[in-house]
Amino acid sequence: MGVTVSLSELLRLAHHAARGKKRSPDVAAFLLDPVPKLAVLQAELEDGSYHPGAARAFVIEEPKRRLIAALPFRDRIVQHLLVAAQLQSLERWFAPQSYACRVGKGTHRALERARDLHRCFPWVLRLDIAKFFPSIDHEVLLRTLRSHTPAGYWWLVERIVRAGGPTEPVAFHFPGDDLFAPLLRPHGLPIGNLTSQIWANAVLTPVDHLLGSGLGLGAFVRYCDDVLVYAEDRRRLEDAWRRVRDLADRLRLRLHPDKCRLHRTTERVGFVGFVLERHGGRVAVHLKRSNILAFRRRMARLRGEWHPERFFVGVRAWLAHARHGHTRGLCRAELSRLVWTRPLGRLR
């Protein structure tokens, strides 16, 4: 048992993992003198004594309340190493309709594809998984990853999965469960880990193949657990809804009781923070109201805390996101609301 990796490769992965985070105190401290720390990590990986450290848990409120886990930097390096070993096999298995955490795809590419499909079909089925990351079953996950992991890395996969991390409590029951099944079956992937993002994508890949290959419904787009499936016939989507629900039960996942719904494409349909609505041959794409309100709260907080650099970075990031919809008037209106003034307590 053990993973053989060179010190130079670990150093390369360390710099890769540090992209965009070099101002973080733990990242900066690690990179100040990385070679001795990486040599210790290299020895732990080679003799199989490596164990993930304790994650720091914190809560974010936007775009919605989530419990986030931040691992020590050395563990993020190991996750980059593991994902690099798995990714080629996983990418061959992933469906082209899956857009989360993949090179050349992402949120805005998913939105563009959904807009194109929205224009062409009268019906759309929206699917969403309730408490997706906290409810991912460890045994299902390990069974999914087994054939995509090189033999020498399997112990590392098991160790990271078994280590778990801070997640929201979930107690779902599925067909055949007894009363204590949610307590006896380990579940949950901590949000914020690189492996969690890639592995969560893998867990739902059977749904992609059911829709595309099993049901012949290739006109769909999935971003993580947010799915839009399009068809000319409402009955095909009703059947797909039942079939996906049955598969979700086997994967020990629960479809969201409120967010899963069959729509006409002339109705407003939410996807990746935007709302789509077809008007004849044209599709209107607008930001969700919750996104606008969250932006206003964030800017008000940064003005109050007197962080001009973070304030203007936040404005530019929001504008770059918002421009993917029909939001020119909205952006002008929001910019006109922003008045940067030094708080009175900071004048002296």
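Q: Explain the pairing of strand β5 (residues 226-231) here, please?
A: For β5, the tally of buried residues reaches 6 of 6 residues, placing the bulk of the element in the interior. Here β5 shows a buried face lined by D226, L228 and Y230 and a second buried face lined by V227, V229 and A231. By the bridge criterion, 4 bridges tie strand β4 (residues 220-223) to β5 in an arrangement that is antiparallel. Residue V221 lies in a different strand from β5, and its bridge partner there is L228. Connecting β4 to the next strand, β5, in antiparallel fashion are 2 residues, including C224 with a positive phi near 55°.

Q: How should the sheet that holds strand β7 (residues 269-271) be read in this particular structure?
A: Within a sheet, adjacent strands bond to each other through the backbone by hydrogen bonds, running parallel or antiparallel. In space, the 3 strands of this open sheet follow the order β7-β8-β9, with antiparallel pairing throughout. With one partner strand each, in any of the chains shown, β7 and β9 (282-287) form the two edges of the open sheet. When strand polarity is set aside, the average angle formed by the axes of neighbouring strands in this sheet is 30°. Across 3 bridges, the pairing between β7 and strand β8 (residues 274-279) is antiparallel.

Q: Explain a nonpolar patch on the surface here, please?
A: A grouping of L179, F180, L183 and L184 is seen on the molecular surface, where their side chains present a nonpolar patch of about 520 Å² in accessible area. When you line up the elements, L179 lands in the loop between α8 (154-163) and α9 (181-184).

Q: Explanation requested: the nonpolar core in the structure shown.
A: Note that soluble globular proteins tend to have their nonpolar side chains buried in a common cluster. By size, the foremost hydrophobic cluster in this structure holds 70 residues, and its most contacted members are F132 and W199. If we skip the residues at most four places from it in the chain, F132 touches A200, V203, L204, C224, D225 and L253. One finds L111, Y230, M299 and C331 within the second-largest nonpolar core, a separate group that totals 28 residues.

Q: Whenever I open this one, the layout of surface pockets confuses me. Can you help?
A: Unfilled space is identified by rolling a water-sized probe across the atoms. In this structure, the second largest pocket encloses a volume near 470 Å³. What lines the second largest pocket is a set of 20 residues, and nearest its centre among them are A17, K21, A70, R76 and G192. For the lining of the second largest pocket, the secondary-structure elements that each account for two or more residues are α1 (7-17), α2 (25-32), β1 (56-60), β2 (66-70), α4 (73-93) and α10 (194-203).

Cut-offs used in this document
- Residues numbered from 1 in each chain as written.
- Predicted model: local features only at pLDDT ≥ 70, side-chain atom pairs only at ≥ 80, totals over all residues.
- Heavy atoms only, no water.
- Buried < 20%, exposed > 50% of the residue type's maximum accessible area, 1.4 Å probe, protein only.
- Helix = DSSP H or I, 4+ residues; strand = E, 2+ residues; numbered from the N terminus.
- Pairing = 2+ DSSP bridges.
- Axes fitted to C-alpha atoms, helices over the stretch in contact; angles between N-to-C directions.
- Patch = residues over 30% accessible without salt bridge, like charges linked within 9 Å, V, L, I, M, F, W, Y side chains within 5 Å.
- Areas by Shrake-Rupley, 256 points an atom, 1.4 Å probe, with all protein chains shown as cover.
- Salt bridge = Lys/Arg side-chain N within 4 Å of Asp/Glu carboxyl O.
- Core = buried A, V, L, I, M, F, W, Y, C linked by side-chain atoms within 4.5 Å.
- Contact = heavy atoms within 4.5 Å.
- 1 Å grid on protein atoms, 1.4 Å probe; cavity = no way out; pocket = protein on both sides within 12 Å on 5 of 7 lines; lining within 4 Å.
- Points joined across faces, edges and corners; volume = space filled by probe spheres on them.

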